[in-house]
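# Descriptive analysis of the structure
The primary structure of each chain is shown beneath.
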Amino acid sequence: MSLHDDAVLVLKRYEDQPELRGLYLDHLAAHPDGMWKACEAGHLTASALVIDPERGRVLLTLHKKLGMWLQMGGHCEPGDPSLERAALREATEESGIPGLTLLPVGPVQLDRHAIPAPCHWHLDVQYAALAPTEAVEEISEESLDLRWFSYDEAAEVADSSVASLVRRTRAALGS
């Protein structure tokens, strides 16, 4: 199964955010290259919020290009067999934490945001990744900083999309 086909199946199973979900599915139907950065109409990306529920905290990266505190994530690559694996790969690469596991609920949130030309939109499929006990983060070359924040602190330093992702992740965890 192609990554494009996997994304369509993931989105068809996702039961929340129906308007945005429909926009993502319409985009993929209209753009066979809609998974890749080269798609100038926009493309899907995969991200994951790294969470440590035992300590009530999330790991955010200070994005080098954007100068914003964000969850880990980025572009899909040809070797990614699924959106889940792309999100897990990105979270592992950017956090430096081996042994992350995605919550089994599938995507936690969809977030569409504008980016500079030549591409115009990121259609982000956002997951949540549990950090193993005693996880030690290691900053990547894509980040200016990497830091754990309490749930409340994350909402204060990040934008509304990240704050929403934290809320939805906590709800998925039942906390």
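Preceding this section is the structure that the text describes.
These numbers were taken from a predicted model, which means no experiment stands behind them. (Residues numbered from 1 in each chain as written. Predicted model: local features only at pLDDT ≥ 70, side-chain atom pairs only at ≥ 80, totals over all residues. Heavy atoms only, no water.)

On to the overall build of the chain, then. In terms of helices and strands, the chain carries five helices and eight strands. At 15 Å, the chain has a C-alpha radius of gyration in line with the 16 Å of a compact globule built from 175 residues. The principal-axis extents of the C-alpha atoms in the chain amount to approximately 45 × 35 × 30 Å. Buried positions account for 50% of the 175 residues belonging to the chain. The long-range share in the chain, meaning contacts at least 24 apart out of those at least 6 apart in sequence, stands at 67%. Here the chain displays about 8,700 Å² of accessible surface, and carbon together with sulfur accounts for 53% of that area. Placing the 15 positive and 28 negative side-chain charges of the chain at their respective mean positions leaves the two points 2 Å apart. (Helix = DSSP H or I, 4+ residues; strand = E, 2+ residues; numbered from the N terminus. Rg over C-alpha atoms; globule rule 2.2 N^0.38 Å. Buried < 20%, exposed > 50% of the residue type's maximum accessible area, 1.4 Å probe, protein only. Contact = heavy atoms within 4.5 Å. Areas by Shrake-Rupley, 256 points an atom, 1.4 Å probe, with all protein chains shown as cover. Lys, Arg positive; Asp, Glu negative; His and termini not counted. Charge placed at Lys NZ, Arg CZ, Asp CG, Glu CD.)

Two side chains of opposite charge can pair, provided their charged atoms sit close to one another. All chains considered together, the criterion is met by nine salt bridges. Between glutamate 134 and arginine 55 there is a salt bridge, with the nearest N and O atoms lying 3.1 Å from each other. In this pair, glutamate 134 is assigned in the loop between β7 (121–130) and β8 (143–150) and arginine 55 in the loop between β1 (43–52) and β2 (57–63), connecting sequence segments 79 residues apart. Residues joined in a network through salt bridges with shared partners are Glu77, Asp80, Arg89, Glu90 and Glu93. (Salt bridge = Lys/Arg side-chain N within 4 Å of Asp/Glu carboxyl O.)

Bringing the nonpolar core into the picture now. Formed by 35 residues in total, the largest nonpolar core has its most connected members in Tyr24, Met35, Leu44, Val50, Leu83, Leu100 and Tyr127. Of all the secondary-structure elements, those providing two or more residues to this core are α1 (3–13), α2 (18–30), β1, α3 (83–95), β7 and β8. When residues no more than four places from it in sequence are discounted, the contact partners of leucine 83 are Leu3, Asp6, Ala7, Val10, Met35, Leu44, Ala46, Cys76, Val125 and Tyr127. Of all hydrophobic cores here, the second largest spans 17 residues; its members include Trp69, Ala128, Val162 and Leu165. (Core = buried A, V, L, I, M, F, W, Y, C linked by side-chain atoms within 4.5 Å.)

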